[in-house]
Amino acid sequence: MPRFDPEKSEKPKPGGGQQQVPVEVVVQEAVKRLKLPKPLIRTSPDEEFVQVVHVPTWMWVERSTWGPVSASAAVEGVSVTATARPRKAVWSMGEGGQVVCRGPGTPYSDAYSPQESSPDCGYTYQRASVSAPGRSYTVSVQVAWDVDWHGGGQTGVVPGLVMTAERQLVVDEVQTVVTR
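Below is a short write-up of the structure. (Residues numbered from 1 in each chain as written. Predicted model: local features only at pLDDT ≥ 70, side-chain atom pairs only at ≥ 80, totals over all residues. Heavy atoms only, no water.)

It is worth spelling out the overall build of the chain at this point. Looking only at helices and strands, the chain features one helix and 10 strands. Secondary structure elements in the chain, listed N-terminal to C-terminal, are α-β-β-β-β-β-β-β-β-β-β. The buried share of the chain, taken over its 180 residues, is 37%. Roughly 11500 Å² of accessible area belongs to the chain as shown, and the carbon and sulfur atoms make up 51% of that amount. (Helix = DSSP H or I, 4+ residues; strand = E, 2+ residues; numbered from the N terminus. Buried < 20%, exposed > 50% of the residue type's maximum accessible area, 1.4 Å probe, protein only. Areas by Shrake-Rupley, 256 points an atom, 1.4 Å probe, with all protein chains shown as cover.)

Attention now moves to the environment of Lys88. Relative to the elements of secondary structure, Lys88 occurs in strand S5 (residues 78-92). Accessibility expressed as a relative area gives 22% for Lys88, which makes it partly exposed. Separated by 15 residues in sequence, Lys88 and Gly103 have C-alpha atoms that sit 5.7 Å apart. Beyond its immediate chain neighbours, meaning those up to four positions away, Lys88 contacts Trp66, Val100, Cys101, Arg102, Gln142, Val143 and Ala144. (Contact = heavy atoms within 4.5 Å.)

With that settled, the discussion passes to the pattern of salt bridges. Using the criterion set out here, one finds seven salt bridges in the structure. Between Arg42 and Glu62 there is a salt bridge whose closest N-O contact spans 3.0 Å. Here Glu62 lies in the loop between strand S3 (56-61) and strand S4 (69-75) and Arg42 lies in strand S1 (residues 41-44), a separation of 20 residues in the sequence. Given a relative accessible area of 26%, Glu62 falls into the partly exposed group. Its salt-bridge partner being Arg85, residue Asp148 comes within 3.4 Å of it at the nearest N-O pair. On the criterion of sequence distance, the pair formed by Asp148 in strand S8 (residues 137-151) and Arg85 in strand S5 is long-range, its members being 63 residues apart. Each of Glu29, Lys32 and Arg33 takes part in one network of salt bridges that share partners. (Salt bridge = Lys/Arg side-chain N within 4 Å of Asp/Glu carboxyl O.)

Another point: helix H1 (residues 23-33). Along H1, the residues classified as buried are Val23, Val26, Val27, Ala30 and Val31. Mapping the buried residues of H1 onto a view down its axis gives an arc of 140 degrees, with all of them on the same face. Facing away from the buried side of H1 by over 90 degrees, the exposed positions are Gln28 and Lys32. Residues of H1 that are buried in the fold lie against S4, S5, S8 and strand S9 (154-169). (Arc of directions from axis to C-beta.)

What follows covers the nonpolar core. Soluble, globular proteins show a tendency: their nonpolar side chains are buried together. Within the largest apolar cluster, 40 residues are counted, with the highest numbers of intra-cluster contacts made by Leu34, Trp91, Met93, Tyr125 and Val141. Secondary structure elements with two or more residues in this core: H1, S3, S4, S5, strand S6 (98-101), S8 and S9. With seven residues, S8 is the largest single contributor of residues to this core. (Core = buried A, V, L, I, M, F, W, Y, C linked by side-chain atoms within 4.5 Å.)

Before going further, it helps to spend a moment on the environment of Thr43. Here Thr43 shows up in strand S1. Judged by its relative accessible area of 3%, Thr43 is buried. A C-alpha to C-alpha distance of 8.9 Å links Thr43 and Gly122, two positions 79 residues apart in sequence. Leaving out residues up to four positions away in the same chain, Thr43 has contacts with Gln51, Thr57, Trp58, Met59, Trp60 and Leu169.

Right, dumping it as structure tokens:
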């Protein structure tokens, strides 16, 4: 006949018999579910054309890749929603220069003069890319995202998610010849 051993009996768990999963675990799951877009690099002059030394290059991240993204997760009755927002774009220009833009940048339009610098995200090359590998500079952008989350009776922030893109830009020097 089986004996009752009080040391081996199951004690009831607080909260109706179930131990609640830590909210941090659900936050990690919600963050994993975020589908952050890869930034699409745009420039003016257009990236398919040659950039020119001492002429402002406008840079921006395509608007469709810059905006809030949300995802939710639920585990054992704990639900969390995470919303990621892009905070800044850090551009490495290939010749050693770096630009930090607090937004996606302004697309160039005919409303601006061709000699005008971007109001919020631009760069002016000082050297041609002729001596760089492939005769072009590798330009990259890293978009930093911060994630606000709420759920399980708590809120918090997960900083520093990063999405990166790069492309090649050819930079040339234009010489002026004056004849009389």
